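Residue-level structural notes
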Amino acid sequence: KAMKGAVMTKGALADALAGPAELKKTQVSKILDSLAGIAAEQVKKAGKFVVPGVCMVKTRVKPATKAGKREMFGKVVVVKAKPAKTVVKAFPVAAIKQAV
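Description of the structure in this document.

Criteria and thresholds
Residues numbered from 1 in each chain as written. Predicted model: local features only at pLDDT ≥ 70, side-chain atom pairs only at ≥ 80, totals over all residues. Heavy atoms only, no water. Pairing = 2+ DSSP bridges. Helix = DSSP H or I, 4+ residues; strand = E, 2+ residues; numbered from the N terminus. Axes fitted to C-alpha atoms, helices over the stretch in contact; angles between N-to-C directions. Expected span 1.5 Å × (residues − 1). Patch = residues over 30% accessible without salt bridge, like charges linked within 9 Å, V, L, I, M, F, W, Y side chains within 5 Å. Areas by Shrake-Rupley, 256 points an atom, 1.4 Å probe, with all protein chains shown as cover. Salt bridge = Lys/Arg side-chain N within 4 Å of Asp/Glu carboxyl O. Lys, Arg positive; Asp, Glu negative; His and termini not counted. Charge placed at Lys NZ, Arg CZ, Asp CG, Glu CD. Core = buried A, V, L, I, M, F, W, Y, C linked by side-chain atoms within 4.5 Å. Buried < 20%, exposed > 50% of the residue type's maximum accessible area, 1.4 Å probe, protein only. Contact = heavy atoms within 4.5 Å.

Paired through their backbone hydrogen bonds, the strands of a sheet run either parallel or antiparallel. Pairing in this open sheet of three strands is antiparallel, and the strands run S1-S2-S5 from one edge to the other. In the strand order of this sheet, the two ends are held by strand S1 (48–51) and strand S5 (85–92), each with one partner. For this sheet, the mean angle separating the axes of adjacent strands, direction not counted, is 20 degrees. As defined by bridge partners, strand S2 (residues 55–62) adjoins S5 across eight bridges and the pair is classed as antiparallel. If you follow Lys58 over to S5, its bridge partner there is Lys89.

Right under this line is the structure:
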């Protein structure tokens, strides 16, 4: 499914948060920057970071793949070996899943 409408920018988010919190847009922008920095640091260190009421960000190790021949869509394809890598995944909270 395609997304509906435009995606909210950082400035628009800062503006939306500044109103109810009675803060300046620049202050909220700095808070968002620090949140992003803390999230990156925690995901790297602990492998998991939770933004309460929004989502959980986790790391997952994808295993290495061996080189060889595989059948894809009825055709035999030669694939290269790939090393194991760590990927980052985000999981929304149940309330957001139900809201969509």
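Now, onward.
Between its terminal C-alpha atoms helix H1 (residues 10–21) stretches 16 Å, which fits the 16 Å expected from twelve residues at 1.5 Å a residue. Positive phi appears at Glu22, one or two residues downstream of H1, with a value of about 55 degrees.

All right, on to a positive patch on the surface then. A grouping of Arg60, Lys62, Arg70, Lys82, Lys85 and Lys89 is seen on the molecular surface, where their side chains present a positively charged patch. Here Lys85 is to be found in strand S5.

Here we take up the nonpolar core. Ala39, Val43, Phe49, Cys55 and Val57 together form the largest nonpolar core, which totals five residues. Counting residues per element, the ones that place at least two in this core are helix H2 (25–46) and S2. With sequence-adjacent residues up to four places away left out, Val43 is seen in contact with Lys48, Phe49, Val57 and Thr59.

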